[in-house]
Amino acid sequence: MHIVRNKSTVILRNYILTTYRLITRRWWLSIIKLCSLTIGIIAFLLTMNFLLGHENADASIWSLINSCTVGNLLVLSAIIVVTLTVYVLIANNQRAVRYREFFVRKLYGESGMGIASILLIETGIFLLFALGISHALLHEAGQALNSIGGFELRQSGPEARTELLIACVAFVVPGMLTVLLPAIRCKRLRTVDLLKLAN
């Protein structure tokens, strides 16, 4: 049992180190990806606050859900789709680096689940940082936005936490699904095909 636990720890550490290499190579693209996610999440939170504020929703999740109209859901869904599409398009500019890394790992017997784990860890890191930065920026700039926007931005309290939780679920679930497609593709590709794509 102890050996299995140590092996799992080593595998997880290798996945994290691989993710770190993928993020730091062409680091400027990683910064752009983080900024695009942060802007999208801020737009989502501001729009949700504005739309649902007019519906007088309280702090409970069910109240927020019941206050959502079809139009509100379409607007919020559009923000999610646009944000994740931009993220994927920027990530495609790093595909040569990814395929080179996956070629080496597949050459040494890495499974499709391992490649998926690396991509999931990478996306999870970006989403976590983007959510944290978005929350911090809105909290600090809340007073200025309240005076400019003409509506009350919920900076703290149960309402703000509930909206952040909704944003987390709204972005994390589809965000994780978007990286599974490249992982499935890499799993189906032969090692020599990954080498061709890396060049």
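Note that this is a predicted model, so its numbers are computed, not measured.

Colleague: Explanation requested: the overall build of the protein in the structure shown.
Modeller: A count of helices and strands for the protein gives eight helices and zero strands. Classification of the 199 residues of the protein by burial places 38% in the buried group. By element, 69% of the accessible surface of the protein is carried by carbon and sulfur atoms, the whole surface being about 11,600 Å².

Colleague: Help me understand the pattern of salt bridges, please; the structure alone is not making it clear to me.
Modeller: Charged atoms that come close allow side chains of opposite charge to pair. Here the structure, examined in full by the defined rule, presents one salt bridge. Residue Glu122 is joined to Lys33 by a salt bridge in which the shortest nitrogen-to-oxygen separation is 3.1 Å. Taken together, the residues span a long stretch of sequence, with Glu122 in helix 6 (residues 112-149) and Lys33 in helix 2 (residues 27-53) at a distance of 89 residues. With respect to burial, Glu122 and Lys33 carry one shared label: buried.

Colleague: What is the right way to read a nonpolar patch on the surface from this model?
Modeller: Side chains of Leu165, Val169, Val173, Leu177, Leu180, Leu181 and Ile184 sit close together on the surface and give an oily, nonpolar patch of about 620 Å² of accessible area. Looking at the secondary structure, you find Ile184 in helix 7 (residues 157-188).

Colleague: Mind showing me how you'd approach the environment of Leu138 here?
Modeller: Considering the arrangement of structural elements, one finds Leu138 in helix 6. Each C-alpha atom, one on Leu138 and one on Leu46, is 8.7 Å from the other, the two residues being 92 residues apart in sequence.

Colleague: Sorry if this is basic, but what is going on with the nonpolar core here?
Modeller: Proteins that are soluble and globular tend to have nonpolar side chains buried together. Ranked by size, the top nonpolar core spans 20 residues in total, and within it Leu37, Ile41, Phe44, Leu45, Ile80 and Phe171 carry the most contacts. A total of six residues in this core trace back to one element, the largest contributor, which is helix 2. Excluding residues that lie within four positions of it along the chain, Ile41 makes contacts with Ala130, Leu131, Ser134 and Phe171. Counting twelve residues, the second-largest nonpolar core is a separate cluster that includes Tyr99, Ala116, Ala183 and Cys186.

Colleague: Would you explain the environment of Ile184 in this entry?
Modeller: With a relative accessible area of 40%, Ile184 lands in the partly exposed category. Considered as a pair, Ile184 and Met113 are 71 residues apart in the sequence and their alpha carbons are 8.9 Å apart.

Rules behind the numbers
- Residues numbered from 1 in each chain as written.
- Predicted model: local features only at pLDDT ≥ 70, side-chain atom pairs only at ≥ 80, totals over all residues.
- Heavy atoms only, no water.
- Helix = DSSP H or I, 4+ residues; strand = E, 2+ residues; numbered from the N terminus.
- Buried < 20%, exposed > 50% of the residue type's maximum accessible area, 1.4 Å probe, protein only.
- Areas by Shrake-Rupley, 256 points an atom, 1.4 Å probe, with all protein chains shown as cover.
- Salt bridge = Lys/Arg side-chain N within 4 Å of Asp/Glu carboxyl O.
- Patch = residues over 30% accessible without salt bridge, like charges linked within 9 Å, V, L, I, M, F, W, Y side chains within 5 Å.
- Core = buried A, V, L, I, M, F, W, Y, C linked by side-chain atoms within 4.5 Å.
- Contact = heavy atoms within 4.5 Å.

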